Amino acid sequence: MIVYILRRLFYVVPIALAVSAVCFALVYLGPVDPLKAVLPADASLELIEKLKVDYGFDKPVPVQFAKWVWRAAHGDLGLSLATGRPVREEIARAISNTFVLAFFACSFGFSLGIAFGFVAGYFNGTWIDRVVTGFAVTGVSVPHYWLGMVMVILFSVILNWLPAMGMGAGGSADWAWDWEHIRFVILPAITLSVIPTAILARTVRALVADILTREFVSALIAKGMNDRDVFRHVVKNAAPTALAVMGIQLGYLLGGSILVETVFSWPGTGFLLSVAIFQRDLPLLQGTILFLALFFVFLNLLVDVIQPFLDPRIRRT
Amino acid sequence: MSSSLSSTLVSAAPSARGYWTSVAVKLTRDKVALVCGSIIAALILMAIFAPWIAPEDPLKSSILNRLKPIGTPGHLLGTDELGRDMLSRLIFGARLSLLMGITPVLCALAIGSLLGVVAGFVGGPTNTAIMRTIDVFYAFPSVLLAVAISGALGAGIVNAIVSLTIVFIPPIARVAESVTTQVRGLDYVEAARASGAGSLTIIRVHILGNVMGPVFVYATGLLSVCMILAAGLSFLGLGTKPPLPEWGLMLNTLRTAIFQNPWVAALPGFMIFLVSFCCNLMADGLRSAMDVHR
């Protein structure tokens, strides 16, 4: 067990390094010299040379990479070119907003997806199953940025029930857990929860339908176990896979929130990312992507560490 | 008696035909897949013949006719924020949207299955090198990876296609690799090698014959994701540039109009949804038709 967890922890190191390398390489993918993008066209040669040294562009690429990783490991992601503030602070502010959004989206999406999946799996092959499956296919097919727009049209423009964008009075700094602020999170959270709901419903449905056909379930029923205890057995068997899917979906939700955050002008990491792209703020772009990708790696690790507690079979391998 | 005999004959018949014929027969019996396939075929035809179908020039703007509602005489689906005919723009938009939604999957299908087959067939350090590199890309959520690469490359149709291709290569390569590794150890591959077949012949006849089915089904499933992501990149301003008609970009530029004319603004998104929905159902149909165990 401990060996398994240690091995899994050790495996993260090369992945994290490789992810950092990809983020670092992003700068060199661009068609323009990263320095030229920020410098005024009439910059003097001295200024160019000075900035080159400041940003470390005068060193060979591997040295630059090593320095960048070293600093990133110590929490220094450089300064944003656009605002001049440390990238770390920008990300810290934005990620708390994205977490608020993700919290609502996940609580809503996961509970709904699991409930739908269980019902559809239990009534496998009936009309209930077909309705849920139909909704799930619709959920994964809908461009969520469009769904967000349609919901704004319905609930903000026509019905005027909920705000169309932003995070409420005072912006992200004054976020509070009251209705005045939660109002703002409802539409973006529902929009963001559609894909996880649909995928989780599909997964749980397939799991439950499969588990119910297994022999041990027939045996449990045959020996006279009541429905509630049979249900417990089904939950125990479905849990490890469902947990893995939830972990991945949470990561996708955090990393993929850029589209929904753009629709609702939600000041989270996705919004930060689009600002970084359009102002060609490369340190900010690199830093945000590195942070989100590493968080995704961390989530996968967390799922792998929790799983053996739920599924003893993994412990033995 | 005769009816039961004929029914056994009918059910036995497909096994006498080739695999692909039986898949085709199963598909033609699947009404949902047929309808979805026809909708997509119709949209592709619409895209090809756009200049003949569209009632107006999709780029012709008119300040006087801005944001007309759906059903305006002369503008069946209204006009956009620059007074351009929505119907014509939606028809022309199919060209770029479908191109950007389908090309990445095709490219990733070619590159991904090549990488997967090579990794699976050669094995050893080559396999490790290819598959571990691919693992790195799995460490990124797909939307983030697409946005990161096309954001770094800069806005543009080709850049968006390149970044989406990179996003879809890893999953396809994984499927191809796992099937190749399974098939490589089978007896008939050994037999073929023993009877003097070269590696290329074995790959062409035995490996590809087994790999292409699952990979193709998997790739059809990716089409809907790719449509949504491609239009999403344009929506963010990372794909096509104005004034070109493309559904994702149209959705973005019409966003400012949702207070004046909400339903016209939502139209391009519906087109993306329609294509993605049909692709998903078609992929489901194809998957069950190609599943020999049913």
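Here, the structure is the one placed above.
Structural notes, computed from the coordinates. (Residues numbered from 1 in each chain as written. Chains lettered and ligands numbered in written order. Predicted model: local features only at pLDDT ≥ 70, side-chain atom pairs only at ≥ 80, totals over all residues.)

Time to look at the overall build of chain B. A tally of regular secondary structure across chain B gives twelve helices and zero strands. Secondary structure elements in chain B, listed N-terminal to C-terminal, are α-α-α-α-α-α-α-α-α-α-α-α. Across chain B, the fraction of contacts at a sequence separation of at least 24, relative to all contacts at a separation of at least 6, is 69%. (Helix = DSSP H or I, 4+ residues; strand = E, 2+ residues; numbered from the N terminus. Contact = placed C-beta atoms within 7 Å.)

Turning to the overall build of chain A, a few remarks are in order. The number of helices and strands found in chain A is 14 helices and zero strands. What you see in chain A, going N to C, is helices and strands ordered as α-α-α-α-α-α-α-α-α-α-α-α-α-α. Counting only C-alpha atoms, chain A reaches 85 × 60 × 35 Å along its principal axes. Within chain A, the fraction of its 317 residues that count as buried is 36%. Considering only contacts in chain A between residues 6 or more positions apart, those separated by 24 or more positions represent 75%. (Buried ≥ 20, exposed ≤ 12 C-beta atoms within 10 Å, placed from the backbone.)

Right, let's talk about the interface of chain A and chain B for a bit. Opposite the 38 residues of chain A that make contact, chain B presents 35 residues. Within the residue set of the side of chain A that touches chain B, elements represented by two or more residues are helix H1 (2–29), helix H6 (127–141), helix H7 (144–158), helix H10 (227–255), helix H11 (258–264), helix H12 (269–278) and helix H13 (282–310) of chain A. Each residue belonging to the side of chain A that touches chain B can be placed in one class, and the counts come to 30 nonpolar, eight polar and no charged. (Nonpolar A, V, L, I, M, F, W, Y, C, P; charged D, E, K, R; others polar.)

A few words on the environment of leucine 164 of chain B. Residue and element names in this part refer to chain B. Here leucine 164 lies in helix H8 (residues 157–184). Residue leucine 164 is classed as buried on the basis of its C-beta count, with 30 C-beta atoms lying within 10 Å. Sequence separation between leucine 164 and valine 32 is 132 residues, and the spatial gap between their C-alpha atoms is 28 Å. Leave out the neighbours within four places in its chain, and leucine 164 touches Pro104, Ala146, Cys226, Leu229 and Ala230.

Residues and elements named next belong to chain B. Judged by nonpolar contacts, the single largest core of 152 residues is most densely connected at Ile172 and Cys226. When residues in this core are grouped by element, the largest group, 18 residues, is from helix H10 (residues 199–236). Once residues within four sequence positions are removed from consideration, cysteine 226 is found in contact with Gly101, Pro104, Val105, Leu164 and Phe168. (Core = buried A, V, L, I, M, F, W, Y, C linked by C-beta atoms within 7 Å.)

The next point concerns the packing of H1 of chain A against H13 of chain A. All names here are of chain A. Two numbers describe how H1 lies on H13: the axes approach to 10 Å, and their chain directions differ by 165°. In terms of orientation, H1 and H13 fall into the roughly antiparallel class. The two elements H1 and H13 meet at a crossing, and its hand is right-handed. Mapping the contact onto sequence places Tyr4, Ile5, Arg8, Val12, Ile15, Ala16, Val19, Ser20, Cys23, Phe24, Leu26 and Val27 in H1 and Leu282, Leu285, Gln286, Ile289, Leu290, Ala293, Leu294, Val297, Leu301, Asp304, Val305 and Pro308 in H13. Partitioned by chemical class, the residues of the contact of H1 with H13 number 20 nonpolar, two polar and two charged. (Axes fitted to C-alpha atoms, helices over the stretch in contact; angles between N-to-C directions. Parallel < 35°, antiparallel > 145°, perpendicular 65-115°, else oblique. Left-handed = near helix turned anticlockwise from the far one by under 90°.)

On to unusual backbone geometry, then. Cis geometry marks the peptide bond from proline 242 of chain B to proline 243 of chain B; its omega dihedral reads 5°. Take proline 243 of chain B: it is sitting in the loop between H10 and helix H11 (247–253). In this model, serine 265 of chain A sits at a positive phi of 45°, which is unusual for a non-glycine residue. Looking at the secondary structure, you find serine 265 of chain A in the loop between H11 and H12.

Residue and element names in this part refer to chain A. Packing of H10 against H13 leaves a shortest axis separation of 9 Å and a crossing angle of 170°. Overall, the two elements H10 and H13 adopt an arrangement that is roughly antiparallel. Across from Ala239, Pro240, Leu243, Ala244, Gly247, Leu250, Gly251, Leu254 and Gly255 in H10, the residues of H13 making contact are Leu292, Phe295, Phe296, Leu299, Asn300, Leu302, Val303, Ile306, Gln307 and Leu310. Taken together, the residues of the contact of H10 with H13 sort by class into 14 nonpolar, five polar and no charged.

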